[in-house]
Amino acid sequence: MPEFKDVLSSSSTIFVNKQALSPHFVPDQLPFREGELRRMMEAVAPVLKGQKAKNLFLYGKTGTGKSSSAKYVLEKLEAEKNPHVSALYMNCRVFDSRYRVLQKIITTFHPKFARTGYSFAVLYEKLLDWMEEDGKQVVVVLDEIDMVKDLDNLVYTMTRANDDLRKGNLSILGVSNKVDFKQRLDARSRSSLCEEELVFQPYNAEQLSGILKVRVPMAFAPNVVHDSAIHLASAIAASENGDARYALLLLLRAGELVENEKRTTVVDKDVENSRKAAEEEKAFEIIGTLPEQQQLLLYALATLATDVTYKRLVEDGGEKLYFSGEVYERYATVTKKLGKPPRTMRWYREYLKELEALGLVNMVQSGKGVRGHTTLIKLGYEAARVRTIIETKVLGE
Ligand SMILES: Nc1ncnc2c1ncn2[C@@H]1O[C@H](COP(=O)(O)OP(=O)(O)O)[C@@H](O)[C@H]1O
Ligand SMILES: [Mg+2]
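Residues numbered from 1 in each chain as written. Chains lettered and ligands numbered in written order. Predicted model: local features only at pLDDT ≥ 70, side-chain atom pairs only at ≥ 80, totals over all residues.

Asks: Which parts of the structure should I look at to understand the domain arrangement of the protein chain?
Replies: Buried accessible area, meaning the area lost when the parts come together, often serves as the stated size of an interface. Under the domain assignment used here, the protein chain contains domain 1 (12-21 + 203-286), domain 2 (34-200) and domain 3 (290-394). Contacts between the two partners involve 7 residues from domain 1 and, on the opposite side, 5 residues from domain 2. Of the residues contributing to the side of domain 1 that touches domain 2, the split by class is 3 nonpolar, 2 polar and 2 charged. (Domains from an automatic or database assignment. Contact = placed C-beta atoms within 7 Å. Nonpolar A, V, L, I, M, F, W, Y, C, P; charged D, E, K, R; others polar.)

Have a look at this one:
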């Protein structure tokens, strides 16, 4: 019979610590972010002298190291062990309202209030009482702050708290992946939230290589990952918004592929395949969120493309292209079968444009031939997979 020690010891020959490639892993070094870290620490440093920190707002695209940097700064702040300083990180995907944020702050520092049901006013009073006891400096990191539904209220409350407090201060380090998010705040909250701001630029290929080269020996067994595979993953991620998370994901998936195939080294081809898998995954997620009519249209195209008896298609270098009119007919059949009237040709063309913009289909204009000017349509991803995705996710079959 198996024992846990056997399961644990039947270890991988590829990975030594897969966790080091996870997006939740917080590295203890953040190369290429020294300048940003210093500026963040300068904004927060006053709390160590009993003064209010500057509210700081960080933004930049996903995978540019914002969350890691914020956690790094909090860790350093905690390491100072100043009894009057309390710091807290939260992700606003989870704490997505003024009430929840306030509740999280008070229950972290004051576990007596951990149960729910207190009114906002009570929580607010408790927070101020607790801070005033010894003039606490509280620093709150609100990651993905754009997820807070009533953010203007939250910022207003935080600002008011500082006016109401006789001793101590509350400051915010806000973080957002949405580069244009600040514009959506009202002017007053914007100016109090963004006393200082800091933009995280995308990493270039060389920086990503540097990051990966530190992470690879932590995650993989020696000599498993070829240098050229690291460079390829970096180049791909650099061309996709300079996202370090994506670069790490590419290597993780490449490693898993190699492991499944019982091979021993990660080479360029594996990174290529892992990119394909990642793109497909993304596309399939998008399919799940499309408006119903667009899903049905895509489904119609996928059923045509998986129908072996269907011959009215154009083959071009192994790629199968379908006549737009034929796809519309199939779409109309599919919708009718489901008891939903099909939309008109005009709408149909709009849907196609949107699907093309998402990379789910490609359109080719064909000038020649008996039919004169026609549009040919090609599915962006493997038809059988698209069909299964829609059948299971959307039609619930
Ligand atoms: N400068 C860096 N050095 C090492 N790893 C990094 C660096 N920047 C980002 N990462 C890694 O990339 C991933 C994404 O970083 P994260 O801080 O979550 O980005 P963001 O919050 O901007 O989306 C994490 O796994 C993190 O460890
Ligand atoms: Mg983040």
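Asks: Looking at this structure, I do not really get the sheet that holds strand β9 (residues 374-379). What am I missing?
Replies: Two orientations exist for strands paired in a sheet by backbone hydrogen bonds: parallel and antiparallel. One open sheet accounts for 4 strands, arranged β6-β7-β9-β8; its pairing is antiparallel. Either end of the sheet is taken by a strand with one partner, and the two such strands are β6 (313-316) and β8 (361-366). Pairwise comparison of adjacent strand axes, ignoring direction, gives a mean angle of 35 degrees for this sheet. Its contacts with the sheet put helix α14 (residues 345-357) on β8 and β9, and the angle it makes with β8 is roughly 120 degrees. (Pairing = 2+ DSSP bridges. Helix = DSSP H or I, 4+ residues; strand = E, 2+ residues; numbered from the N terminus. Axes fitted to C-alpha atoms, helices over the stretch in contact; angles between N-to-C directions.)

Asks: Sorry, what's going on with the pairing of strand β1 (residues 56-60) here?
Replies: Two faces belong to every sheet, and in a regular strand the side chains alternate between them. Of all 5 residues making up β1, 5 are buried, and the element is well covered by its neighbours. Of the two faces of β1, the one lined by Leu56, Leu58 and Gly60 and the one lined by Phe57 and Tyr59 are each fully buried. For β1 and strand β4 (residues 169-176), the ladder comprises 4 bridges, and the chain directions are parallel. Paired with tyrosine 59 across the strands is serine 176, a residue of β4. Pairing of β1 with strand β5 (residues 196-200), which is carried by 5 bridges, proceeds in the parallel orientation. Within the sheet, the bridge partner assigned to tyrosine 59 lies in β5 and is valine 199. (Buried ≥ 20, exposed ≤ 12 C-beta atoms within 10 Å, placed from the backbone.)

Asks: Help me understand the pairing of strand β7 (residues 319-323), please; the structure alone is not making it clear to me.
Replies: As judged from the 4 bridges shared by β6 and β7, these two strands associate in the antiparallel manner. Considered in β7, the bridge of valine 314 is made with leucine 321. Following β6, the chain reverses through 2 residues before pairing antiparallel with β7; glycine 317 in that reversal takes a positive phi of roughly 55 degrees. Here 2 bridges tie β7 to β9, and the two strands are oriented antiparallel to one another. The residue of β9 that forms the bridge with tyrosine 322 is isoleucine 377.

Asks: Would you mind going over the environment of valine 139 with me for this structure?
Replies: With respect to the helices and strands, the residue valine 139 is situated in strand β3 (residues 137-143). Distance from valine 139 to glutamate 125, taken between C-alpha atoms, is 18 Å for residues 14 residues apart in sequence. When near neighbours in sequence (up to four residues on either side) are disregarded, valine 139 contacts Val44, Val47, Ala53, Leu77, Ala87, Ser171 and Leu173.

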